[in-house]
Amino acid sequence: MAACGRVRRMFRLSAALQLLLIAAAGAQKVLGQGGHGQGQGPGANFISLVGQAGGGGVQGAQQLPQLPHSPQLQQQPQQQPQPPQPPFPAGGPSARRGGAGPGGPGGGWKLAEEEFCREDVTRVCPKHTWSNNLAVLECLQDVREPENEISSDCNHLLWNYKLNLTTDPKFESVAREVCKSTISEIKECADEPVGKGYLVSCLVDHRGNITEYQCHQYITKMTAIIFSDYRLICGFMDDCKNDINILKCGSIRLGEKDAHSQGEVVSCLEKGLVKEAEEREPKTQVSELCKKAILRVAELSSDDFHLDRHLYFACRDDRERFCENTQAGEGRVYKCLFNHKFEESMSEKCREALTTRQKLIAQDYKVSYSLAKSCKSDLKKYRCNVENLPRSREARLSYLLMCLESAVHRGRQVSSECQGEMLDYRRMLMEDFSLSPEIILSCRGEIEHHCSGLHRKGRTLHCLMKVVRGEKGDLGMNCQQALQTLIQETDPGADYRIDRALNEACESVIQTACKHIRSGDPMILSCLMEHLYTEKMVEDCEHRLLELQYFISRDWKLDPVLYRKCQGDASRLCHTHGWNETNELMMTPGAVFSCLYRHAYRTEEQGRRLSRECRAEVQRILHQRAMDVKLDPALQDKCLIDLGKWCSEKTETGQELECLQDHLDDLAVECRDIVGNLTELESEDIQIEALLMRACEPIIQNFCHDVADNQIDSGDLMECLIQNKHQKDMNEKCAIGVTHFQLVQMKDFRFSYKFKMACKEDVLKLCPNIKKKVDVVICLSTTVRNDTLQEAKEHRVSLKCRKQLRVEELEMTEDIRLEPDLYEACKNDIKNYCSAVQYGNAQIIECLKENKKQLSTRCHQKVFKLQETEMMDPELDYTLMRVCKQMIKRFCPEADSKTMLQCLKQNKNSELMDPKCKQMITKRQITQNTDYRLNPVLRKACKADIPKFCHGILTKAKDDSELEGQVISCLKLRYADQRLSSDCEDQIRIIIQESALDYRLDPQLQLHCSEEISSLCAEEAAAQEQTGQVEECLKVNLLKIKTEMCKKEVLNMLKESKADIFVDPVLHTACALDIKHHCAAITPGRGRQMSCLMEALEDKRVRLQPECKKRLNDRIEMWSYAAKVAPADGFSDLAMQVMTSPSKNYILSVISGSICILFLIGLMCGRITKRVTRELKDR
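Thresholds applied
Each chain has its residues counted from 1, running along the sequence as written. Note on the predicted model: pLDDT of at least 70 is required for a residue's local features to be given, and 80 or more for side-chain atom pairs to be given and counted; whole-chain, interface and lining totals, by contrast, use all residues. Working from all heavy atoms in the structure, the side-chain values ignore hydrogens and water. Here, two cysteine sulfur atoms that lie within 2.5 Å of each other are counted as a disulfide. Counting from the N terminus, the helices are the DSSP runs of H or I reaching at least four residues and the strands are the DSSP runs of E reaching at least two. The buried label applies to any residue whose accessible area, calculated with a 1.4 Å probe on protein chains only, is under 20% of its type's maximum; exposed applies above 50%, and partly exposed to all values in between. Patch building starts from residues that exceed 30% relative accessible area and form no salt bridge, then joins like charges within 9 Å and nonpolar side chains (Val, Leu, Ile, Met, Phe, Trp, Tyr) within 5 Å. Only the protein chains shown count as cover for residues, and the accessible areas themselves come from Shrake-Rupley with a 1.4 Å probe. The working definition used for a salt bridge is a side-chain nitrogen of Lys or Arg within 4 Å of a carboxyl oxygen of Asp or Glu. Residue contacts are counted whenever heavy atoms from the two residues lie within 4.5 Å of one another. The pairing test for Phe, Tyr and Trp rings, Trp by its six-membered ring, is centres within 6.5 Å, and the orientation test on the planes gives stacked under 30 degrees, edge-to-face over 60, and tilted for anything in between. Take the residue count of a helix, subtract one, and multiply by 1.5 Å to get its expected span. Residues belong to a common nonpolar core when they are buried Ala, Val, Leu, Ile, Met, Phe, Trp, Tyr or Cys residues joined through side-chain atoms within 4.5 Å. For every residue, the pLDDT score states the predictor's confidence, bounded by 0 at the bottom and 100 at the top. The axes used here are C-alpha line fits, helices contributing only the stretch in contact, and every angle between their N-to-C directions lies in the interval 0 to 180 degrees. Angular relationships are summarised with four words: roughly parallel below 35 degrees, roughly antiparallel beyond 145, roughly perpendicular across 65 to 115, and oblique for the angles in between.

This paragraph deals with the state of the cysteines. For the structure on display, the rule yields 31 disulfides. Through a disulfide, C647 is tied to C659; the S-S separation comes to 2.0 Å. Between C647 and C659, the S-S dihedral sits near -90 degrees, and the bridge is therefore left-handed. Taken together, the residues span a long stretch of sequence, with C647 in the loop between α37 (640-646) and α38 (655-662) and C659 in helix α38 at a distance of 12 residues. Among the residues examined, C647 registers a relative accessible area of 3% and is labelled buried.

Have a look at this one:
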């Protein structure tokens, strides 16, 4: 090796190569000394200098016929007979005459004129090349077509000719003349010692910097000679002899192979090298010396694809097809062919050769001329190219990319040329998985099982990504880690174009949805995520995008925008390291981003918050990734079993997280914690629910745009959506999404952000062991109610909590599912009686109320309790508030929530009252009259009267079940007897007046007289507006009523009407004028105005209205009948009947007369008794 040169830097070209590059020019210089080159100095045109190389001059002529003395060729004669020696001058006359060889007088020796090659040259090479030996040489050694195959004798002649060129010591001196100015510019080459072959070695290393045309042509042209045969590369034969035999890549013996096809041997060795890297336990291993030699040869052939003989011949036609206009040199043809590697018309032979070269580049970046040249200064600047062995870690393409990408992500300046090269090679790695040995090693089984036949354009990698996402099976951890490493090396998050499969799939989406963003900008991926599951997204793009995002979500550094804005926060709060450092590999996937988003939602009091721009970026990404549980590594990892157990059928977008939230109580502890934390974040920032936000966009724009524009949500947006859930503009998806979130909130009070923040301290103090929101609400509400009833000086629940508690209570009334206890108790009843009714708008609750009598006992009790609460606080009656919203504004703008229904009842018969609201008020009145407990005003007013007069009813009653109006009926009777307290009497009068106008308000009457109403008063009952027609009908048809209980109820009505004319609307209407004229001075109540009218009826001087007179006479008859069929229950009832009887005076006269007669009789009896007593005494 000392005779050939020295190893320098990674592996310098041997001195034999330099001698090869020198030989032709050196020979020509000698020719010039011989007389035929006179006048052609060393600086003359290079083609003319080397055109006659190898002939002329005594010394040159003497050297050409000599066989090489190198060790490898010394063995050849012993192994096989030598072919005939070429008949070129061997010191003959022509040489001694000054170089007039066979080529003609003064023309030097010509390859084209040699006997062994004359026919081949004439047949294969253009005529204008015949006078130029190097042109002929290049023409003959580039022949590959079988029909143009050159003879073996000519082959051997060419071999000896090239070998003689490589051993000519005159080349260096010629190089110094041809490249004089270049050498002076390259100080390193100018300092090389003379005569050792180092100069040309240096020029080859710096040939990318050579600008002088002749020197560049000289170096390039001469280099092509050696690469035609591996045996001509000094040192290569020595280093790789054994490997060639072991790998069966050919023979070093002449004659066994065509000497000019020896590029195939180098290709075979290269394939052996890359195959070794792709096997865990390779059967054969290339020696370290040969590995270095192979990579050095690849590096030296990196600028001109002609120098890679195997690739040159394999891709000659493809070069003409795809890269016809691409100028050779500086690796341009390689890059062009790489870009067309997966074209359908690319030949398989060329594609295979290109892949092999790409694999070599992956092992040593210097094999790429353009990459090494463009990034040389940047590699040195950022210390990415530590001088070491070619196959050291620093030489690998992946290390170079990671090192330079780290510099870019840290905001350092990397030249645009270098970044362009990096982009090309990152794209190359993403297109072809086979270029990454780690993928081959770790994913071979997965590729064969799941992804066979998808080699091109990155499809295999995306297939593996799809498997990792769990869509096609399972992937081993080693393969998954290899994929994650490859994604970091290629960094497609920084430029979507690196991922060709994604780029092609999403091109149409980018052109429509993201056209405002500069091509290659990392925000393109963000834009695509924002349009995920929208009309603009196409299915193929959706799949490729989610497959890539799966890996980006597991390494926060792969989102360049996030990394740039949050690297300081991540280092400060999450203890992260540099972009390409491996310390974070020990962290759980996604751990850094989880750390960031936990800090993003901290309050100022909690401290250690993120910077503003980092917080905004974290929120942006969180909003995008929340659409798919697979983009949350911790969630997918901890909830994998629960997803399979509870949500295997939930495959639609967003359904998996909803399913986990629905089964929150059933989840494993770790999964429940993660889902709970994410749901807690959603309550603060509902925009995390991106799908919900899209569905609700019209509502947000129309009703919630103010809160939607706030940078900090704090639960305001969801509260606004809930309040506007039943607007006409509300679409079904939005309503379902909002309701689902409300249902999820019921599982834990922490899931309602505003409620949590307002009542956190109160919950800890008053309800410490309660977690479910509904239970917390009940606990706090009970505390508030007790404090209110006891008129406590200071409420135990804070004011801000009471306000938010009210909001939560109101929201819960909208949907029965928001009250879990009620919902569970009534599930079967809902199925039986309300199956056609939709949830929401309190419709199910209203349906249950209407079917209350048919409900199961447990459900009936729950509904009764709900009604009791609503009657005490009508604002909690969602349906009433919704239907009467405008009427409340009109009639009760200042009414307290507790007196809202009372106010509406008072204005029920107003002409301005909305019919729907009036109907709803009537419904609530009917409900109230079924049980005194549902009428808080009556309950308070008659607090003493109820136990006094209706004790028997109360003792028989059961808790949580209606008394069907029995207590109120009892109080009505006592009202007729005028025995109630004044407050209770006032309330009962109102109830009697209301029920007198509408029979439905008297539950006892409805209960006992339903058949009579349908048979006798059907027409009156069907009237749209009830004004007492049914009651009047029953009174008129009293004699026709057969049912005793119904007859009793009608008689009770008659009895009540005698107590006050206001409770008889028909009579009151008929006699309104007469009351005004004759009884205006009489105070209403206790039957006083009725007595006044009776007296007026009997007074012949008073003339009543005919209708009033007729109605009064009817009532007298009814009362008379009532007195007959309903005898007094006791003395008080008898006295009342007498006092209210039309024959009151007669009855009283009879009673008075009877009493007087009895008195007189008593007196007489007394006198007689006294006289008898005296007589007895006198005796």
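A few words on a nonpolar patch on the surface. Together, L1148, I1151 and I1155 make up a nonpolar patch on the protein surface, roughly 240 Å² of accessible area in all. In this structure, L1148 sits in helix α70 (residues 1144-1178). Residue L1148 is classed as partly exposed on the basis of its relative accessible area, which comes to 32%.

Within the fold, K773 resides in helix α46 (residues 773-789). Given the relative accessible area of 2%, K773 is considered buried. Leaving out residues up to four positions away in the same chain, K773 has contacts with Q745, M746, K747, D748, F749, S752, F755 and E808.

The subject of this paragraph is the packing of aromatic side chains. Counting across every chain of the model gives seven aromatic pairs. Each ring, one from Y550 and one from F551, has its centre 5.4 Å from the other, and the planes form 75 degrees; the classification is edge-to-face. Arranged with centres 5.7 Å apart and planes meeting at 70 degrees, the rings of F593 and Y597 form a pair that is edge-to-face. In this pair, F593 and Y597 both sit in helix α34 (residues 591-600), four residues apart, roughly one turn of the helix. Taking the relative accessible area as the measure of exposure, F593 reaches 7% and is therefore buried.

A rise of 1.5 Å per residue sets the reference length of helix α47 (residues 799-812), with its 14 residues, at 20 Å; its end C-alpha atoms lie 20 Å apart and thus fit the reference within 8%. Taken together, the buried positions of α47 are occupied by C801, Q804, L805, R806, E808, E809, E811 and M812. Here the buried face of α47 lies against α43 (716-723), α44 (732-745), α45 (753-766) and α46.

Moving on, we get to the nonpolar core. Counting residues in each nonpolar core, the largest one holds 104 residues, and the members touching the most others are L397, L404, I439, L464, L483 and L528. Apart from residues lying up to four places away in sequence, L528 is in contact with C506, V509, I510, C514, M537, C541 and L545. If you look at the next biggest cluster of nonpolar residues, it comprises 33 residues, including Y999, L1054, C1071 and C1092.

With that settled, the discussion passes to helix α24 (residues 397-409). Compared with an ideal rise of 1.5 Å per residue, which puts 13 residues at 18 Å, α24 spans 18 Å between its outermost C-alpha atoms and is within 8% of the ideal. Counting buried positions along α24 yields 12 of 13 residues, so the element is predominantly enclosed. Buried-residue contacts for α24 involve α21 (348-363), α22 (369-374), α23 (376-381), α25 (416-431), α28 (477-490) and α33 (560-574). Phi turns positive, to about 85 degrees, at G411, one or two residues after α24.

What follows concerns unusual backbone geometry. For D491, which is not a glycine, the phi torsion comes out positive at approximately 50 degrees. For D491, the location among the structural elements is in the loop between α28 and α29 (500-505). Overall, the relative accessible area of 1% leaves D491 in the buried class. In this structure, N841 takes a positive phi of about 60 degrees despite not being glycine. Secondary-structure assignment places N841 in the loop between α49 (827-833) and α50 (843-850).

Inspection of the secondary structure puts E985 in helix α60 (residues 982-997). Overall, the relative accessible area of 8% leaves E985 in the buried class. Sequence separation between E985 and L971 is 14 residues, and the spatial gap between their C-alpha atoms is 8.5 Å. Other than its neighbours up to four places away in sequence, E985 contacts Y975, Q978, L980 and R1086.

Across the chain, the average pLDDT comes to 79, with 80% of residues at or above 70. Within the model, pLDDT remains below 50 along residues 251-260, and this stretch shows 31 contacts once partners closer than five positions in the same chain are excluded. Between residues 387-391, whose pLDDT stays under 50, and residues either more than four places distant or in other chains, the model counts 16 contacts.

We now examine the pattern of salt bridges. Following the criterion strictly, the structure yields 65 salt bridges and no others. When the shortest N-O distance is used, the salt bridge between D120 and R123 registers 2.5 Å. On the criterion of helical spacing, the pair formed by D120 and R123 is a turn pair, its members being three residues apart in helix α7 (residues 115-124). Given the relative accessible area of 37%, R123 is considered partly exposed. Each of E1032, K1035, D1064, E1107, R1111 and R1115 takes part in one network of salt bridges that share partners.

Considering the arrangement of structural elements, one finds S714 in the loop between α42 (705-708) and α43. In the structure, S714 is positioned 28 residues away from I686 in sequence and 8.7 Å away in space, judged by C-alpha atoms. Other than its neighbours up to four places away in sequence, S714 contacts E684, Y753 and K754.

The next subject is the environment of S798. Mapped onto the fold, S798 is located in the loop between α46 and α47. Overall, the relative accessible area of 25% leaves S798 in the partly exposed class. For the pair S798 and D762, spaced 36 residues apart in sequence, the C-alpha separation works out to 7.0 Å.

Moving on: the packing of α24 against α28. Between α24 and α28, the least distance of the axes is 8 Å, while the angle of their chain directions is 55 degrees. Regarding the angle of α24 to α28, the classification is oblique. Residues S398, L401, M402 and E405 of α24 pack against Q488, E489 and T490 of α28.

Once that is clear, we can look at the side chain of H462. When you line up the elements, H462 lands in helix α27 (residues 459-468). The residues contacting H462, other than those within four sequence positions of it, are D499, A501, L502, R544 and E547.

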